Amino acid sequence: MSVRTQSSEEPAEAVHRAGFACFVGRPNAGKSTLTNALVGQKVAITSNRPQTTRHTVRGIVHRPEAQLILVDTPGLHKPRTLLGERLNDVVRTTWAEVDVIGFCLPANEKLGPGDRFIAKELAGIKKTPKVAIVTKTDLVDSKTLAEQLIAIDQLGKELGITWAEIVPVSATANQQVDLLADLLIPLLPEGPTLYPEGDLTDEPEQVMVAELIREAALEGVRDELPHSIAVVVEEMLPREDRPADKPLLDIHANVFIERPSQKGIIIGPKGKRLKDVGIKSRKQIEALLGTPVFLDLHVKVAKDWQRDPKQLRRLGF
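Residues numbered from 1 in each chain as written. Predicted model: local features only at pLDDT ≥ 70, side-chain atom pairs only at ≥ 80, totals over all residues. Heavy atoms only, no water.

Enquirer: Now, about helix H4 (residues 142–159): what can you tell me, with residues and values included?
Expert: For H4, with 18 residues, the first-to-last C-alpha span of 26 Å sits near the 26 Å given by 1.5 Å per residue. Within H4, the full set of buried residues consists of Leu-145, Gln-148, Leu-149, Ile-152, Asp-153, Leu-155 and Gly-156. Here the buried residues of H4 occupy an arc of 155° about the axis, which is enough to place them on one side. Residues of H4 that are exposed and point more than 90 degrees away from the buried face comprise Lys-143, Lys-157 and Glu-158. Lining the buried residues of H4 we find strand E4 (100–106), helix H3 (113–123), strand E5 (130–135) and strand E6 (163–168). Within two residues after H4, Gly-160 carries a phi angle of roughly 75°, on the positive side. (Helix = DSSP H or I, 4+ residues; strand = E, 2+ residues; numbered from the N terminus. Expected span 1.5 Å × (residues − 1). Buried < 20%, exposed > 50% of the residue type's maximum accessible area, 1.4 Å probe, protein only. Arc of directions from axis to C-beta. Contact = heavy atoms within 4.5 Å.)

Dropping the structure here:
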């Protein structure tokens with residue numbers, strides 16, 4: 001078993017590589033946090049609730065010798081709803097199209113049925129190189145980490161998966177994140193850059209804005225709600241009659257929930273919660289877009305939208 005830690009190997013020959021990598025793992029395995037750490041800017045929504053990433057967000061790591069495009073898929077899980085089935089289809093389609101798959105396994109949780117479920121699916125994808133990434137290493141001692149590395153090595157042997165690498169990382173403590181990029185890059189095909197130098201993501205701005213609002217709305221909401229929130233940005237328009245040096249962007253967005261009873265949870269007593277969501281997400285949106293924003297939020301009920309194909313389409317799924 002070869003586990004990678006920082007080393008001083010001689011540089012490879014100067015070819016340019018560019019390609020796609022995706023991180024997989026059960027919900028809350030640290031995929032989005034890792035994407036953000038690699039890209040160096042917040043591009044994927046991170047939340048300590050499972051099942052928050054719904055869009056294939058691409059983060060782009062620019063290096064002089066390579067361009068690594070990260071495709072962040074939803075966590076694969078056993079589906080309970082139509083939305084769940086669609087999410088799983090998105091995952092499998094993504095796996096078939098990328099150049100390398102990073103399987104994220106948290107260091108602080110023993111391998112469980114969810115991990116095996118994904119590993120079995122991975123074993124069926126023969127050609128794509130697979131890297132086992134042990135996340136959240138800052139939360140465990142070296143003995144626990146060693147046990148986890150051995151367990152992952154065993155899991156690969158058992159299912160016939162040859163790990164291209166096994167890499168322990170901590171995205172929050174920024175340990176071995178650069179090394180991970182160094183190890184993923186040689187697994188990419190040779191080729192020119194696929195995105196302009198300054199781009200960090202190809203998500204349309206409206207989708208990223210909706211994700212930031214959704215992330216703020218999820219925070220502190222009781223466990224029942226994460227799946228029930230969808231955000232749609234209806235319009236983003238520069239306000240007219242503003243001087244060039246004082247632009248203002250008007251953003252009108254709807255927060256959709258499934259039942260009228262959930263409205264109170266999102267809005268909060270005297271509208272305080274919704275106001276907090278607005279303040280928090282507005283700051284993030286202004287940082288993302290680099291311009292002052294006026295954010296207009298409304299909470300609406302879209303009855304049982306997760307089970308209704310027509311509503312799913314309207315909400316962008």
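Next comes the rest of the write-up.
Enquirer: Break down the packing of aromatic side chains for me, with residues and values.
Expert: How two aromatic rings sit relative to each other is set out by the distance from centre to centre and by the angle between their planes. Tallied over the full model, the rule gives one aromatic pair. Pairing Phe-103 with Trp-163 gives two aromatic rings, centres 6.1 Å apart and planes at 35°, and the pair type is tilted. Note that Phe-103 is positioned in strand E4 and Trp-163 in strand E6, a separation of 60 residues in sequence. Look at Phe-103 and you get buried, because its relative accessible area is 0%. The positively charged end of Arg-239 is found above the aromatic ring belonging to Phe-294, 5.3 Å away from the centroid. (Phe/Tyr/Trp six-rings, centres within 6.5 Å; stacked < 30°, edge-to-face > 60°. Lys NZ or Arg CZ within 6 Å of the ring centre and 35° of its normal.)

Enquirer: How would you sum up the packing of H3 against H4? Please name residues and give values.
Expert: It is the contact of H3 with H4, at a shortest axis distance of 10 Å, that shows an interaxial angle of 45°. In terms of their interaxial angle, H3 and H4 are classed as oblique. Pair H3 / H4 crosses with right-handed handedness. Facing Arg-116, Ala-119, Lys-120 and Ala-123 of H3, the residues of H4 in contact are Leu-155, Glu-158 and Leu-159. Residues of the contact of H3 with H4, tallied by class, amount to four nonpolar, no polar and three charged. (Axes fitted to C-alpha atoms, helices over the stretch in contact; angles between N-to-C directions. Parallel < 35°, antiparallel > 145°, perpendicular 65-115°, else oblique. Left-handed = near helix turned anticlockwise from the far one by under 90°. Nonpolar A, V, L, I, M, F, W, Y, C, P; charged D, E, K, R; others polar.)

Enquirer: An account of the packing of helix H1 (residues 31–39) against helix H5 (residues 177–184) is needed here, citing residue identities and associated values.
Expert: Between two packed helices, what matters for the description is the angle formed by their axes and the separation of those axes. Closest axis-to-axis distance for the H1/H5 pair is 9 Å, and the angle between their directions is 85°. In terms of orientation, H1 and H5 fall into the roughly perpendicular class. In contact with Leu-34, Ala-37 and Leu-38 of H1, H5 contributes Val-177, Leu-180 and Ala-181. For the contact of H1 with H5, the per-class residue count stands at six nonpolar, no polar and no charged.

Enquirer: Pulling in residues and values, what's your account of the pattern of salt bridges?
Expert: The tally for this structure, following the rule as stated, stands at 12 salt bridges. The shortest N-O distance in the salt bridge between Arg-116 and Glu-158 comes to 2.9 Å. One end of the pair, Arg-116, is in helix H3; the other, Glu-158, is in helix H4, and 42 residues separate them in sequence. Arg-116 sits in the partly exposed class, given a relative accessible area of 32%. (Salt bridge = Lys/Arg side-chain N within 4 Å of Asp/Glu carboxyl O.)

Enquirer: Account for the sheet that holds strand E8 (residues 249–257), naming residues and giving values.
Expert: Consider a sheet: its strands pair through backbone hydrogen bonds, and that pairing is either parallel or antiparallel. Across the sheet, which stays open at both edges, the three strands sit in the order E7-E8-E9 with mixed pairing between neighbours. In this open sheet, the two edge strands, each paired with only one partner strand, are strand E7 (230–238) and strand E9 (293–301). On average, each strand axis in the sheet is inclined to that of its neighbour by 15°, with strand direction left out of account. Relative to E8, E7 runs antiparallel, the two sharing eight bridges. Across the sheet, Glu-235 pairs through a bridge with His-252, a residue of E8. Across the sheet, helix H6 (residues 205–218) lies against E7, E8 and E9, angled at about 125° from E7, the strand it touches most. Packed onto the sheet, helix H8 (residues 272–289) meets E7, E8 and E9 and runs at close to 135° relative to E9. (Pairing = 2+ DSSP bridges.)

Enquirer: Please set out the confidence of the model for the protein chain residue by residue, giving values where relevant.
Expert: Counting all residues, the mean pLDDT for the protein chain is 82, and 82% of those residues have values of 70 or more. Predicted confidence for residues 50–55 stays below pLDDT 50, and this span has 34 contacts to residues more than four positions away or in other chains. (pLDDT = per-residue confidence, 0-100.)

Enquirer: Which residues make up the environment of Ser-281, and what values go with them?
Expert: Along the chain, Ser-281 turns up in helix H8. With a relative accessible area of 0%, Ser-281 lands in the buried category. As a C-alpha pair, Ser-281 and Leu-212 span 69 residues in sequence and 5.8 Å in three-dimensional space. Once residues lying within four places of it in the same chain are set aside, the contact partners of Ser-281 are Leu-212, Ile-213, Ala-216 and Leu-295.

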